[in-house]
Amino acid sequence: LFRSTDLNFFEQKYYFLIPREQVDGTLQPTPSSSLQSEQLKEDQMLHTNNIEQQHSSYPHHFLLHKLTILLTSISLFFITTTLVSFTLRQTQSKMLEFTIQLSDHVRRELPLSKLVVVHVVENCVFVPIMVGVVFFLIEFYMGDKFLAFMVLSLVWIGEAYSLISMRSIQTTKHFPCAFFLYFTLFHVYFFSCPFGFSYSALGSTSIFVLHAMIFFLESI
């Protein structure tokens, strides 16, 4: 009733950043001729040899796989946080500039329509950047749009907190490290177990990030 599962073959078939060409043709329809039967036997023999080779080099393959996941998570952290931080800081500087120009126009009783239009157009430049980040994350999360949006929202919240509430030396030193740790741990779990409890892991990560925010906010 129970069939033993080759975990190495399962990882080759489903896990992240592993070539899948090695397992193509493993599920073949029932042959109806002798030629198809011989071809199926040859494919099974080749597949058995591949599995034996994979077992012989499994420790090296496992370490390489985990290292790739770690580097991918770190790269994803720096890409998303850099783009979000750039967008947030540029938007803030343009808002301050717009406020100064608006007060100057009101004091001089100048028309405001041109000023408002120019400000809106300048800020619309950042919309394609955010849309590109969302589609970039969707590709990483295997088409899960909701998960990509929630991860980007978490990064936005962290960057906004850093921009507004990081005033003490303790917060400036330790909060980015805590956020990086939680972000990396979530992605290591997600890429190691892509069919696991991704939403639960993201929810627990968000709670830990919120705890860090409250802790460092109390220490200001």
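Residue positions are given per chain, counting from 1 as you read along its sequence in written order. Residues qualify for local features only when their pLDDT is at least 70, as the model is predicted, and side-chain atom pairs are given and counted only at 80 or more; totals for whole chains, interfaces and linings, by contrast, use all residues. Side-chain descriptors were evaluated using all non-hydrogen atoms of the structure, hydrogens and water having been removed beforehand.

### Digging into the overall build of the protein
Then step 1. A run of H or I in DSSP becomes a helix once it reaches four residues, and a run of E becomes a strand once it reaches two; helices and strands are each numbered from the N terminus. Across its full length, the protein holds eight helices and zero strands.
Then step 2. Per-residue burial over the protein gives 31% buried out of 220 residues.
Then step 3. Residue contacts are defined here by distance: any two heavy atoms, one from each residue, within 4.5 Å place the two residues in contact. Sequence-distant contacts in the protein: of pairs separated by 6 or more residues, those separated by 24 or more amount to 71%.
Then step 4. Per-residue and other accessible areas follow the Shrake-Rupley method at a 1.4 Å probe size, with only the shown protein chains counted as cover for residues. If you sum the accessible surface of the protein, you get close to 14700 Å²; carbon and sulfur atoms cover 68% of it. Burial classes: relative accessible area under 20% of the type maximum marks a residue as buried, over 50% as exposed, and values in between as partly exposed (1.4 Å probe, protein chains only).

### Some points on the packing of helix H5 (residues 126-140) against helix H6 (residues 145-165)
Then step 1. Here, axes are lines fitted to C-alpha atoms. For helices the fit covers the stretch in contact, and angles between N-to-C directions go from 0 to 180 degrees. Axis separation between H5 and H6 bottoms out at 8 Å; the angle between their running directions is 125°. Of the possible angle classes, the one that applies to H5 and H6 is oblique. Crossing handedness for the pair H5 and H6: right-handed. Residue-level contacts link Met 130, Val 133, Val 134, Leu 137 and Ile 138 of H5 to Lys 145, Ala 148, Leu 152 and Trp 156 of H6.
Then step 2. Residue type decides the class: Asp, Glu, Lys and Arg count as charged, Ala, Val, Leu, Ile, Met, Phe, Trp, Tyr, Cys and Pro as nonpolar, and the leftover types, Gly among them, as polar. Split into classes, the residues belonging to the contact of H5 with H6 amount to eight nonpolar, no polar and one charged. Oblique is the label for every angle not falling under 35 degrees (roughly parallel), over 145 degrees (roughly antiparallel), or within 65 to 115 degrees (roughly perpendicular). Put simply, a crossing is left-handed when the front helix is turned counterclockwise from the back one by less than a right angle, and right-handed when it is turned clockwise.

### Observations regarding unusual backbone geometry
Negative phi is the rule for most residues except glycine; trans is the rule for most peptide bonds.
Then step 1. Despite not being glycine, Met 142 has its phi angle at roughly 55°, a positive value.
Then step 2. Mapped onto the elements, Met 142 comes out in the loop between H5 and H6.

### Some thoughts on the pattern of salt bridges
Then step 1. The salt bridge criterion pairs a side-chain nitrogen of Lys or Arg with a carboxyl oxygen of Asp or Glu, the two atoms within 4 Å. Under the definition given, this model contains three salt bridges.
Then step 2. Where Asp 104 meets Arg 107, a salt bridge forms, and the shortest distance between an N and an O atom there is 2.7 Å. Of this pair, Asp 104 and Arg 107 both sit in helix H3 (residues 58-108), separated by three residues, roughly a single helical turn.
Then step 3. The exposure class of Arg 107 is exposed, given its relative accessible area of 59%.
Then step 4. For Asp 104, the salt bridge goes to Arg 108, with nearest N and O atoms at 3.4 Å. Of the two residues, Asp 104 and Arg 108 both sit in helix H3, four residues apart, roughly one turn of that helix.
Then step 5. Arg 108 gets classed as exposed once you look at its relative accessible area, which sits at 56%.
Then step 6. Connected through shared salt-bridge partners, Asp 104, Arg 107 and Arg 108 make up one network.

### Observations regarding the environment of His 105
Then step 1. The residue His 105 is located in helix H3 in this model.
Then step 2. Expressed as a C-alpha distance, the spacing of His 105 and Leu 115, which sit 10 residues apart in the sequence, is 8.7 Å.

### Examining the packing of aromatic side chains
Then step 1. Paired rings are identified among Phe, Tyr and Trp, the last through its six-membered ring, by centres lying within 6.5 Å, and are further divided according to the angle between planes into stacked (under 30 degrees), edge-to-face (over 60) and tilted (the rest). Evaluated as defined, the whole model comprises 18 aromatic pairs.
Then step 2. Pairing Phe 77 with Phe 78 gives two aromatic rings, centres 5.4 Å apart and planes at 80°, and the pair type is edge-to-face.
Then step 3. Accessibility expressed as a relative area gives 9% for Phe 77, which makes it buried.

### Some thoughts on helix H7 (residues 169-192)
Then step 1. Between its first and last C-alpha atoms H7 spans 35 Å; for 24 residues at 1.5 Å apiece the expected length is 34 Å, and the two agree.
Then step 2. Within H7, the full set of buried residues consists of Thr 171, Phe 175, Ala 178, Phe 179, Phe 183, Thr 184, Phe 186, His 187, Phe 190, Phe 191 and Ser 192. To estimate the expected span of a helix, subtract one from its residue number and multiply by 1.5 Å.

### Quick notes on the packing of helix H4 (residues 113-124) against H5
Then step 1. At a closest axis distance of 5 Å, the pairing of H4 and H5 adopts a crossing angle of 25°. On the basis of the axis angle, H4 is roughly parallel to H5. Contact residues: Glu 122, Asn 123 and Cys 124 in H4; Phe 126, Val 127 and Pro 128 in H5.

### Some details on the side chain of Thr 184
Then step 1. With respect to the helices and strands, Thr 184 occurs in helix H7.
Then step 2. Overall, Thr 184 belongs to the buried group, its relative accessible area being 8%.
Then step 3. Contacts of Thr 184, omitting those with residues within four sequence positions, involve Leu 70 and Ser 73.

### Notes on the nonpolar core
Then step 1. Counting 29 residues, the largest nonpolar core has Leu 137, Tyr 141, Leu 147, Val 151, Phe 175 and Phe 179 as its most contacted members.
Then step 2. Only H3, H5, H6, H7 and helix H8 (198-218) provide two or more residues apiece to this core.
Then step 3. Sorting elements by how many residues they give to this core places H6 first, with seven residues.
Then step 4. Filtering out sequence-adjacent residues up to four positions away, Val 151 remains in contact with Tyr 141, Phe 183, Phe 186, His 187 and Leu 202. For this analysis, a nonpolar core means a set of buried residues of the types Ala, Val, Leu, Ile, Met, Phe, Trp, Tyr and Cys, connected via side-chain atoms within 4.5 Å.

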